[in-house]
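Descriptive analysis of the structure
The primary structure of each chain is shown beneath.
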Amino acid sequence: MSTGDSLPDDVETLKAMLLSERAARLAAEADAQARMLLIEKLKLTIRKLRHERFGQSAERGGLLDQLELQLADLEADAAQAEATAGVPERVTVASFARRKPARRPLPAHLPRERIVYPAPSACPCCGGTLRKIGEDITETLDLIPRQWKVIQHVREKFSCRACEAITQPPAPSHAIARGRAGPKLLAHILFAKYSLHLPLNRQSAVYAREGVDLDVSTLADWVGAAAATLMPLNDAIQAHVFAAERIHADDTTVPVLAKEKTRTGRLWTYVRDDRPFGGPDPPAAVFFYSPDRGAEHPQRHLARYAGLMQADAYAGFNRLYEASRKPGPIIEAACWSHARRKFFELARLNKAPIAAEAVMRIDALFAIEREIKGMTPQQRVAARDERSRALIIELEHWLREQRARVSKNGDTGKAINYSLKRWDALSRFLEDGRLCMSNNAAERELRAVAVGRRNWTFAGSDEGGRRAAAIYTLIATAKLNDVDPQAWLADVLARLPDHPAKRIDELLPWNWNPEAIAAEAA
């Protein structure tokens, strides 16, 4: 056998080498093909989960997160495999060919740094003079670590030569007492804790790696002080929500760190969103914390509210629906998503034909609702009279027929009874165009709580829960109005100390104007 890179002269040795390389290539292709098939299967499952609009978030939320993480790892593995050993750059698999990520243009608003590579001063062929005829530009996206800085607020002192009086500008207002943290830093800490679900101990560790030592106790003090500063905005949002003609209500559990064990508290949300019936008022969500799920908590939250409320079948709401209630009864509108969910589980797990039929009939109603979203209340009522009312009547008759055929103690019988016992509240959307079929607006706002629930640990009291509810109110309302929560929080924290209390509405997310703020700063 020759040395170096040359091939051996022996035919049998060559055959063995070829067979070995062929086996390795086939094994690599089979591995890549299996990976591609799994990637496509995961993508299909994720698409299905994302399009189940009316299922409970618990039905797909945790699974969806796991699948997306798994998909990211698999695609990273595939990219690594293509970039290393002799795996072909693309593996053709019938109906499951892996598509390359779309190469979108890099964001136009980012600053550009030009690196011009030196060209020869003379023609390398003949030595003649060169003239520029154009250029090729290849862009790469890069990241510069964030910069920390200390802002010095300098107030110069002057003495009058005539009377020796000392003059000095007044001390500037700070977002929080003692002013050790600027508004942008405070906004970042709040957003990271309550929207990105990064506990303060993790934030402290990240800052330490960047050369800035901030103890957890210091961060906690800043969070508490910032929450107190922002409370006027929280109160204004609460007043706006409860001035609505219709609200959504829901609650979820949150762990509360006690001295010896973790207790279970509750976070309640009430959402105002008039967009489904074309209302002009901006959407908003307000959160409250309570140490338990007692009925007295929603009664206190809604003490001054009278109107329509979309909610689940929580028994603690029942007193709110009484006709003798002051300042007036709350009109119950039950949630079809909850009713559907009872049947969906049976259809998915037990392949129950009655449950599957119920899901199909309810989905037909939801399809109509999607088509009339955004219409006026009058238009929605007219469309429902024409298209939905007959389906509701047929569904009720069908459910009563099926209930007579099944055991009342069986799962299917219980699912049917859940709907029939609340039929008036479920059917109320036919009469009022402001109502939706579901309580999904409130459930969506609680997803942020559910995502970060594992990070919730309160320092031995319920005060952390109340503070979290206040910050969730601000962040959720900003998102509902398509406002960047961190940028908005930074601006209002800077403005609030000197802003007149009677003009607090100017700082609410739907009135916030970043363009005007930028022009003012310039």
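Owing to the predicted nature of the structure, the values given are computational and were not obtained by experimental measurement. (Residues numbered from 1 in each chain as written. Predicted model: local features only at pLDDT ≥ 70, side-chain atom pairs only at ≥ 80, totals over all residues. Heavy atoms only, no water.)

Right, let's talk about the overall build of the protein for a bit. A count of helical and extended segments in the protein gives 15 helices and seven strands. In the protein, buried positions account for 40% of the 522 residues. Nonlocal contacts in the protein, meaning residues at least 24 apart in sequence, comprise 64% of its contacts between residues at least 6 apart. For the protein, the computed accessible surface area is about 31,600 Å², with 53% contributed by carbon and sulfur atoms. (Helix = DSSP H or I, 4+ residues; strand = E, 2+ residues; numbered from the N terminus. Buried < 20%, exposed > 50% of the residue type's maximum accessible area, 1.4 Å probe, protein only. Contact = heavy atoms within 4.5 Å. Areas by Shrake-Rupley, 256 points an atom, 1.4 Å probe, with all protein chains shown as cover.)

Right, let's get into the environment of Lys351. Along the chain, the position of Lys351 falls in the loop between α7 (336-349) and α8 (353-372). Overall, Lys351 belongs to the exposed group, its relative accessible area being 65%. Engagement of the side chain of Lys351 in a polar contact is seen with the backbone oxygen of Arg348, the distance being 3.5 Å. (Polar contact = N/O pair within 3.5 Å; in protein donor to acceptor, adjacent residues only side chain to side chain.)

In this section: unusual backbone geometry. A cis geometry characterises the amide bond from Lys326 onward to Pro327, with omega recorded as 5°. Structurally, Pro327 can be placed in the loop between β6 (308-311) and β7 (331-334). Its identity as a non-glycine residue notwithstanding, Glu164 has a phi of 65°, on the positive side. With respect to the helices, strands and loops of the structure, Glu164 is situated in the loop between β1 (158-159) and β2 (166-167). For Glu164, a relative accessible area of 63% translates into the label exposed. One non-glycine residue, Asp482, lies in positive phi territory at about 55°. One can find Asp482 in the loop between α13 (463-480) and α14 (485-495).

What follows deals with the packing of aromatic side chains. On inspection of all chains with the given rule, the structure shows 10 aromatic pairs. Note on Phe242 and Tyr305: the rings are 6.3 Å apart at their centroids and 45° apart in plane angle, and the pair reads as tilted. Here Phe242 is found in the loop between α5 (216-241) and β3 (246-257), whereas its partner Tyr305 is found in the loop between α6 (296-301) and β6, with 63 residues between them in sequence. Considered together, Phe242 and Tyr305 belong to a single accessibility category, that of buried residues. Taken together through their ring pairs, the aromatic side chains of Phe242, Tyr270, Phe288 and Tyr305 make up a single cluster. It is Arg422 that lies over the ring of Tyr418; its NZ or CZ is 4.1 Å from the centre. (Phe/Tyr/Trp six-rings, centres within 6.5 Å; stacked < 30°, edge-to-face > 60°. Lys NZ or Arg CZ within 6 Å of the ring centre and 35° of its normal.)

This next bit is on the layout of surface pockets. Approximately 1,700 Å³ is the volume found for the largest pocket. Taken together, 39 residues line the largest pocket, and the ones lying closest to its centre are Ile151, Ala181, Gly182, Pro183 and Leu185. At the level of elements, α3 (183-194), α5 and α14 are the ones that each hand at least two residues to the lining of the largest pocket. Tallying contributions element by element places α14 first for the lining of the largest pocket, with six residues. Taken together, the residues that form the lining of the largest pocket break down as 21 nonpolar, nine polar and nine charged. (1 Å grid on protein atoms, 1.4 Å probe; cavity = no way out; pocket = protein on both sides within 12 Å on 5 of 7 lines; lining within 4 Å. Points joined across faces, edges and corners; volume = space filled by probe spheres on them. Nonpolar A, V, L, I, M, F, W, Y, C, P; charged D, E, K, R; others polar.)

Turning to the side chain of Gln402, a few remarks are in order. One can find Gln402 in helix α9 (residues 377-405). Assessed through its relative accessible area of 6%, Gln402 is described here as buried. Here Gln402 is in contact with Ile354 and Ile416, once residues within four sequence places are set aside.

In this section: helix α10 (residues 411-421). Counting buried positions along α10 yields eight of 11 residues, so the element is predominantly enclosed. Among the residues of α10, Thr412, Gly413, Ala415, Ile416, Asn417, Tyr418, Ser419 and Leu420 are the ones counted as buried. Tucked into the core, α10 has its buried residues touching α7, α8, α9 and α11 (423-427).

Below, the discussion takes up the pattern of salt bridges. Scanning all chains against the criterion turns up 24 salt bridges. Its salt-bridge partner being Arg434, residue Glu245 comes within 3.2 Å of it at the nearest N-O pair. You can see Glu245 sitting in the loop between α5 and β3 and its partner Arg434 sitting in the loop between α11 and α12 (440-451), a full 189 residues away along the chain. Judged by its relative accessible area of 45%, Glu245 falls in the partly exposed class. Put simply, Arg434 and Asp432 hold a salt bridge, and the shortest N to O gap is 2.7 Å. Through salt bridges that share partners, Arg114, Lys132 and Glu135 make up one connected network. (Salt bridge = Lys/Arg side-chain N within 4 Å of Asp/Glu carboxyl O.)

Turning to the side chain of His297, a few remarks are in order. You can see His297 is positioned in helix α6. For His297, a relative accessible area of 7% puts it in the buried group. Once residues lying within four places of it in the same chain are set aside, the contact partners of His297 are Trp268, Ser290, Pro291 and Asp292.

Within the fold, His188 resides in helix α3. Within the structure, the side chain of His188 is placed 3.4 Å from the side chain of Arg146, a separation counted as a polar contact.

Before going further, it helps to spend a moment on α9. Residue Asp385 marks the point of greatest curvature in α9, where the axis turns by about 50°. Where the residues of α9 are buried, they touch α7, α8, α10 and α11. (Bend = angle between axes of the 7 residues up to and from the residue.)

A few words now on the state of the cysteines. Put plainly, a disulfide is one covalent bond tying together the sulfur atoms of two cysteines. The final tally for this structure, using the stated rule, is zero disulfides. The thiol of Cys125 is not disulfide-bonded; the next cysteine sulfur, from Cys123, is found 4.4 Å away. Exposure remark for Cys125: the relative accessible area of 76% places this residue in the exposed category. Here Cys436 stays free of any disulfide, with the sulfur of Cys335 as its closest cysteine sulfur at 10.0 Å. (Disulfide = S-S within 2.5 Å.)

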